[in-house]
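# Geometric and topological summary
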Amino acid sequence: MTDAIDLDRFDSRRSTVYGNRGMVATSQPLAAEAGLSILRDGGNAFDAAVATAAALNVVEPTATGLGGDVFALYRTADGEVGALRSCGPAPADATIEAVRAELEATDDETLERYYPESRGYAVDGGESGDDLGMPFLGPHAVTVPGTARGWEATVEELGRCSLSDVLEPAIRYATEGYPVSPVIAHHWTNAEELFTNDHAREAYLFDGESPDPGQTVTLPELGDSLRRIAEHGADEVYEGSIADAIVEEVRSAGGLMTRDDLAAFEPEFVEPVSTTYNGAEVYELPPNNQGLIALEALNVAEEIGAGERAYDSPERVHAFAEATKLAFVDGHRHIADPDYETIPPLASKSYARERARAIGDRPISNPAVGVPNAAAEDADTVLLTVGDEDGNLVSYINSRFAGFGSGLVAGDTGIALQNRGASFSLDPDHPNGLEPGKRPFHTLVPAVARLDDDDWLAFGVMGGYMQPQGHVQVLSNLVDYGMSPQAALDAPRWRYRESGSLGVEERLPNLSALARRGHDVSVLPPVMFGGAQLVRRRDGTLAGATEPRKDGVAIGY
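As the structure is a computational prediction, the values presented were derived from the model and not from experiment. (Residues numbered from 1 in each chain as written. Predicted model: local features only at pLDDT ≥ 70, side-chain atom pairs only at ≥ 80, totals over all residues. Heavy atoms only, no water.)

## Structural notes on the pairing of strand 3 (residues 69-75)
Quick reminder of the rule: Partly exposed residues are those whose accessible area sits between 20% and 50% of the maximum for their type, while under 20% is buried and over 50% is exposed, using a 1.4 Å probe and protein chains only. Strands are runs of DSSP state E lasting at least 2 residues, helices are runs of H or I lasting at least 4, and numbering of each runs from the N terminus. DSSP bridges decide pairing: two strands pair if at least two such bridges lie between them.
Across the 7 residues that make up strand 3, a large majority, 7, are buried. Burial along strand 3 is two-sided: D69, F71, L73 and R75 and V70, A72 and Y74, pointing in opposite directions, are all buried. Hairpin remark: strand 3 followed by strand 4 (residues 81-86), antiparallel, with 5 residues in the connecting loop; positive phi at G79, about 95 degrees.

In structure tokens, the structure reads:
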């Protein structure tokens with residue numbers, strides 16, 4: 001049945017959703033309902049964010065899970081703007097030499113699984129680990145998961161509810177069952193080839209097959225893990241029985257993770273980075289995340305007056321795309337774990353003025369400087385945004401990088417482990433070169449913006465390298481062109497590609513004019529243009545909007 005789904009056509013009409021008590025926007029309706037139920041029961045936006053994220057682990061397991069990381073950008077009711085970074089590092093034993101040695105000892109058939117050609121990798125015979133980059137799949141792509149302790153820190157530091165309370169909806173979906181929605185069913189088919197061992201296939205396949213749209217499924221192993229976390233806290237994942245299962249899974253496949261790596265992990269509350277764009281103040285996550293790319297692109301776009309062009313004109317798309325190109329070059333050259341690398345002031349206005357001089361009437365030629373893992377360009381995950389009546393707003397991201405992650409599921413826990421370590425390089429001179437305890441380059445960037453004194457926005461656009469350029473487009477739609485929240489998400493998008501081409505949606509106007517200007521234009525399906533969610537609070541009223549290219553919903557009361 002999944003083959004018959006036409007994911008390229010979304011003909012339904014949506015409106016901006018309004019409420020004054022609470023609002024949740026995310027990519028799956030059952031998860032949004034889980035968050036709203038917490039708000040109705042007296043929880044605040046942060047409690048609802050964790051409840052929604054946990055529910056997404058169950059109802060959208062194709063894009064998120066306990067085996068991944070979690071990030072937040074938020075504005076509290078008392079006006080504080082803050083950020084949570086809960087992403088785990090490489091194992092303490094994960095040196096370039098150690099990983100190369102393990103790869104050299106790996107058989108060719110397994111190497112071919114770790115370097116899937118469908119993701120832009122190729123294995124040249126597999127004889128030498130020196131000839132290979134960082135694997136996209138497998139045990140060496142697994143970094144310490146940050147999700148469980150990130151959830152716990154969110155509710156303990158910012159919420160009103162207990163972790164047990166907010167996990168209850170997810171546990172109920174996992175154990176009692178839920179019907180799978182269409183876009184998620186489409187992506188679930190990837191598990192049929194990704195999962196090769198019995199316990200992984202038993203956890204996520206049904207008689208060896210992925211579910212059809214509308215099919216009711218249960219995930220009892222994942223539900224049991226969530227229940228254990230609810231009863232014993234996040235330490236169950238880092239120091240308890242789940243930790244044992246994670247270590248056993250990774251090490252039995254040849255990986256280097258230990259119990260000490262898990263036990264040592266702690267989430268961080270960090271200062272956001274920010275800039276202004278045409279009167280709006282925009283906040284992003286600092287490195288090791290790619291938030292600086294969005295800020296630099298906005299600064300360059302403001303410098304060249306990109307948002308002053310007519311909306312339907314090719315000049316507008318050209319100006320914004322060229323600003324984005326330059327920001328990607330700089331971001332991919334410099335953004336890494338700040339504990340290991342020095343990062344220039346990419347978000348400064350003076351830096352943008354210098355970079356803007358490179359932009360002319362024709363596209364900049366061959367500007368790309370790629371990060372180690374080209375597959376990151378089209379990775380996907382989940383984003384949710386929540387607002388409450390007190391004035392708390394949060395943009396929350398929970399991800400394991402690419403779909404079901406590394407291909408490893410930790411024993412009988414139902415926890416699929418992330419492959420975020422694929423963003424490391426085995427080149428010791430690369431800014432994102434693998435080192436023990438180092439955090440990988442992260443594409444994930446939740447965002448908050450202040451449009452006016454009492455006009456705040458929590459938003460984000462999922463999808464690998466689509467994320468920062470999606471931020472630029474959504475924000476410009478709101479600030480420069482006065483669109484409503486839902487219209488800002490519905491509008492046709494473009495995306496700069498690492499190949500140098502300009503990917504566009506078919507309904508973007510003046511495609512031929514962009515090609516005549518010199519752009520290598522390629523029309524891509526709507527699912528390639530991200531997963532945006534948005535909650536806005538203006539003068540006490542909440543407005544919500546959701547991505548029309550996903551299964552999601554914005555729901556308020």
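## With respect to the side chain of Q469
What counts is decided by this rule: Residues are treated as being in contact if the distance between any of their heavy atoms lies within 4.5 Å.
As for its position among the elements, Q469 is in helix 17 (residues 466-479). Each residue touching Q469, except ones within four places of it in the same chain, is listed here: T324, F328, W494, R495 and Y496.

## Structural notes on the packing of aromatic side chains
What counts here: Stacked, edge-to-face and tilted labels apply to pairs of Phe, Tyr and Trp rings (six-membered ring for Trp) whose centres lie within 6.5 Å, assigned for plane angles under 30 degrees, over 60, and everything in between, in that order. Counting as a charge over the ring demands two things of the Lys NZ or Arg CZ atom: a distance within 6 Å of the ring centre and an angle within 35 degrees of the ring normal.
If you walk through the whole model with that rule in mind, you get 12 aromatic pairs. With centroids separated by 5.8 Å and ring planes inclined at 25 degrees, the aromatic side chains of Y238 and F265 adopt a geometry described as stacked. Placement of Y238 in helix 11 (residues 235-238) and of F265 in the loop between helix 13 (259-263) and strand 7 (268-270) is noted, with a sequence separation of 27 residues between them. Under the relative-accessibility criterion, Y238 is labelled buried at 0%. Between the aromatic rings of F328 and Y496, the centroid separation amounts to 6.0 Å while the plane-to-plane angle is 45 degrees, which identifies the pairing as tilted. Separated by 168 residues along the polypeptide, F328 in helix 15 (residues 314-334) and Y496 in strand 14 (residues 494-496) bring together distant segments of the chain. Considered together, F328 and Y496 belong to a single accessibility category, that of buried residues. Joined through ring pairs, the aromatic side chains of W188, F195, Y204, F206 and F404 make up one cluster. The ring of Y311 carries the charged tip of R316 above its face, separated from the ring centre by 3.9 Å.

## Considering helix 12 (residues 241-252)
This is how it is decided: To estimate how far a helix should reach, multiply one less than its number of residues by 1.5 Å.
If you check helix 12, its first and last C-alpha atoms are 16 Å apart, about what 12 residues at 1.5 Å a residue would give, namely 16 Å. Each element contacted by the buried residues of helix 12 is listed here: helix 9 (198-204), helix 10 (220-232), helix 11 and helix 13. Remark: G254 follows helix 12 within two positions and exhibits a positive phi of approximately 100 degrees.

## Remarks on the pattern of salt bridges
To keep it simple, the criterion reads: Basic side-chain nitrogens of Lys or Arg form a salt bridge, by our definition, when they fall within 4 Å of a carboxyl oxygen of Asp or Glu.
For the structure shown, the criterion picks out 28 salt bridges. Between E239 and R149 there is a salt bridge, with its nearest N and O atoms 2.9 Å apart. Placement of the pair is E239 in the loop between helix 11 and helix 12 and R149 in helix 5 (residues 147-158), with a sequence separation of 90 residues. Classification of E239 as partly exposed rests on a relative accessible area of 41%. Taking relative accessible area as the criterion, R149 reaches 5% and is therefore assigned buried. One salt bridge connects E547 with R493, and the closest N-O pair in it is separated by 2.8 Å. Taken together, the residues span a long stretch of sequence, with E547 in the loop between strand 18 (541-546) and strand 19 (553-556) and R493 in the loop between helix 18 (485-490) and strand 14 at a distance of 54 residues. Its relative accessible area of 0% is what places E547 among the buried residues. Three or more residues joined by partner-sharing salt bridges are found here, namely R85, E268, D337, D339 and R439.

## Some remarks on the environment of T106
Rule in force here: We define a polar contact as two N or O atoms separated by no more than 3.5 Å, with the added condition that, inside protein, one atom must be a possible hydrogen donor and the other a possible acceptor, whereas residues neighbouring each other in sequence contribute only through side-chain atom pairs.
By secondary structure assignment, the location of T106 is in the loop between helix 3 (96-104) and helix 4 (108-114). Among the residues examined, T106 registers a relative accessible area of 16% and is labelled buried. The contact partners of T106, leaving out residues within four places of it in the chain, are L111 and Y114. A polar atom in the side chain of T106 sits 2.7 Å from the backbone oxygen of E102.

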